[in-house]
Protein chains: 2
Amino acid sequence: MNAGPDLTMLAGAVGDATRIRMLELLMEGRALVAKELAFGTGVSPATATAHLQRLEQARLIRATRQGRNKVFRLATPTVARMVEALMTVAVRGPRASAAPEPLRAARYCYDHLAGRLGMGITDALLRSGHLSLRRRAFVLTPSGEAWCQDFGIDLSSVREQRRHFAHRCLDWSERRDHLAGALGAALAARVFSLGWVERQPDSRGLIVTPGGQRGLKRHFGVL
Amino acid sequence: MNAGPDLTMLAGAVGDATRIRMLELLMEGRALVAKELAFGTGVSPATATAHLQRLEQARLIRATRQGRNKVFRLATPTVARMVEALMTVAVRGPRASAAPEPLRAARYCYDHLAGRLGMGITDALLRSGHLSLRRRAFVLTPSGEAWCQDFGIDLSSVREQRRHFAHRCLDWSERRDHLAGALGAALAARVFSLGWVERQPDSRGLIVTPGGQRGLKRHFGVL
DNA sequence: TTCATCGTTCGCTCCATGGCGAACCATTTC
DNA sequence: GAAATGGTTCGCCATGGAGCGAACGATGAA
């Protein structure tokens, strides 16, 4: 049994919805860069920086620089066990095991779509021949270029971004690759600006609106 | 892997210095009444009520009524494990294992003194014959009554309180009984009002002032 | 019955801090 | 070199909520 100032600092560090969601994101094992954590929690980069500094100061996460990126990971396995203990208590809350489902249905993975929604769109584009799967990435076919234009994606502005165009990203809930990279982000942004999906208030999950269900069915045959 | 509103509520419930100290107090095994928790964390009863309600709403503690008292205990062993996991992370902070020492030296146990200080005073009173140990409680001897008067404790007002006069309380760090009850509280209050001890800013621990060291040595031969 | 005492509720103040946008370095890419 | 991007810093606003005191039911002791 003991106490001390450390514990109050720890309490302050852990006791915030955004910060605990950051820890939760890092619990997936992969190290994430700052912007991913900002996107994943739905806050601005500036706000994310403040949170990450506080978590780092409390020795809960560890940061390493890679080029102009800063990648974060959980500091120690002890921290991981602590987060797990918190989750264990959380899931036996009022309505247990209701939480994971919306996440598996639709969520953001960084700046693109994941979950069954992201996989469904990716599959639809593959089936219709708009997208082709290569070893390290997806490739947009000529028919896919036409489809993008039709869907309202400005390919020229997407291509001039300095990042991978159509990367593969492993979906942890579906166990398969979905569309990521600049094209994945542009597609997600378009779907969002069409009002097809909305961010869930206190979760990383997304909600597909009624209009979105119709649109997704018409364009992709999903949902 | 999961998320959800439950986790944000849990984060909010845990993420406060006063509330986490309440959980810490309850980690000592014994169930505590509201006022004990208020005293132990150094807040007013009104503030304590708010905190306890929040902890109860988050299912971290459970309350049962006993007469006009309300006793609180940790809700489940799972919660205890969570608090322990938090402590485990906390103690490997910047300066590890520095925290327990001041607590073992001197602290409040509810409204009376505990730790080596509380034990030392109790032992001194027993050795000098001012206090006598009985099966269920301490007894103040005639010489002890005179001593109290000399020390500045108004015994008449202590006796008219509706609570046990000189209860025995098990010290978890010393593994022996120290003086509690109305007399123990009055003695602690007197020591406090003499400026011999001061509450440590962010801990349950007490600091013995230089003047207190002299006074304690003169009156009790301790420290 | 009368009076303490425990806990709660209410109203209020005040501080911490989460959040953002804008401006600013650092680094990479063309 | 120029341009774009990742991250940080700064200033500001708004709000949540921690804290208290006072007044109020409820319970138990005398």
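Below is a summary of the structure that appears in this document. (Residues numbered from 1 in each chain as written. Chains lettered and ligands numbered in written order. Predicted model: local features only at pLDDT ≥ 70, side-chain atom pairs only at ≥ 80, totals over all residues. Heavy atoms only, no water.)

## Overview of helix 3 (residues 34–41) of chain A
All names here are of chain A. What counts is decided by this rule: Only protein chains enter the area calculation, which uses a 1.4 Å probe; residues under 20% of their type maximum are buried, those over 50% are exposed, and those in between are partly exposed. Helix and strand definitions here come from DSSP, where helices need a minimum of 4 consecutive H or I residues and strands a minimum of 2 consecutive E residues; each element is numbered from the N-terminal end. In what follows, a contact means two residues having at least one pair of non-hydrogen atoms within 4.5 Å.
Every buried residue of helix 3 is accounted for by Leu37, Ala38, Gly40 and Thr41. Its buried side turned inward, helix 3 meets helix 2 (17–26), strand 1 (32–33), helix 4 (45–57) and strand 3 (69–74). Immediately downstream of helix 3, the backbone of Gly42 shows phi near 75 degrees, a positive value.

## Some words on the protein's contact with DNA strand C
Going by this rule: Proximity is defined per residue: any heavy atom of the residue falling within 4 Å of a molecule or strand makes that residue near it. Polar contacts, as used here, are pairs of N or O atoms within 3.5 Å; protein pairs need one atom able to donate a hydrogen and one able to accept it. Residues neighboring in sequence count only if both atoms are side-chain atoms. Basically, the charged four are Asp, Glu, Lys and Arg, the nonpolar ten are Ala, Val, Leu, Ile, Met, Phe, Trp, Tyr, Cys and Pro, and anything else, Gly included, counts as polar.
In the neighbourhood of DNA strand C, 23 residues make up the surrounding shell, with A:Ser44, A:His51, B:Lys35, B:Gln53 and B:Lys70 lying closest. In the environment of DNA strand C, a phosphate oxygen lies 3.2 Å from a nitrogen or oxygen atom belonging to the backbone of B:Ala34. At 2.7 Å, a side-chain N or O of B:Lys70 approaches a phosphate oxygen of DNA strand C. Of all elements in the fold, only helix 2 and helix 4 of chain A together with helix 3 (34–41), helix 4 (45–57) and strand 3 (69–74) of chain B reach the threshold of two or more residues within the surface near DNA strand C. Partitioned by chemical class, the residues of the surface near DNA strand C number six nonpolar, eight polar and nine charged.

## Considerations on the sheet that holds strand 1 of chain A
Residue and element names in this part refer to chain A. Rule in force here: When DSSP locates at least two bridges between a pair of strands, those strands are taken to pair. Where helices are involved, their axes are fitted lines through C-alpha atoms of the stretch in contact, as for all axes, and angles between N-to-C directions lie from 0 to 180°.
As summarised here, the arrangement of the three strands in space is 1-3-2, forming an open sheet in which the pairing is antiparallel. Both outer strands of the open sheet, strand 1 and strand 2 (61–66), are each paired with one neighbouring strand and no more. In the sheet, strand 2 pairs with strand 3 via six bridges, with the strands oriented antiparallel. What sits directly across from Ala63, in strand 3, is Phe72. Against the sheet, helix 2 touches strand 1, strand 2 and strand 3, its axis set at about 85 degrees to strand 3. Strands strand 2 and strand 3 of the sheet are contacted by helix 4, whose axis makes an angle of about 120 degrees with strand 2.

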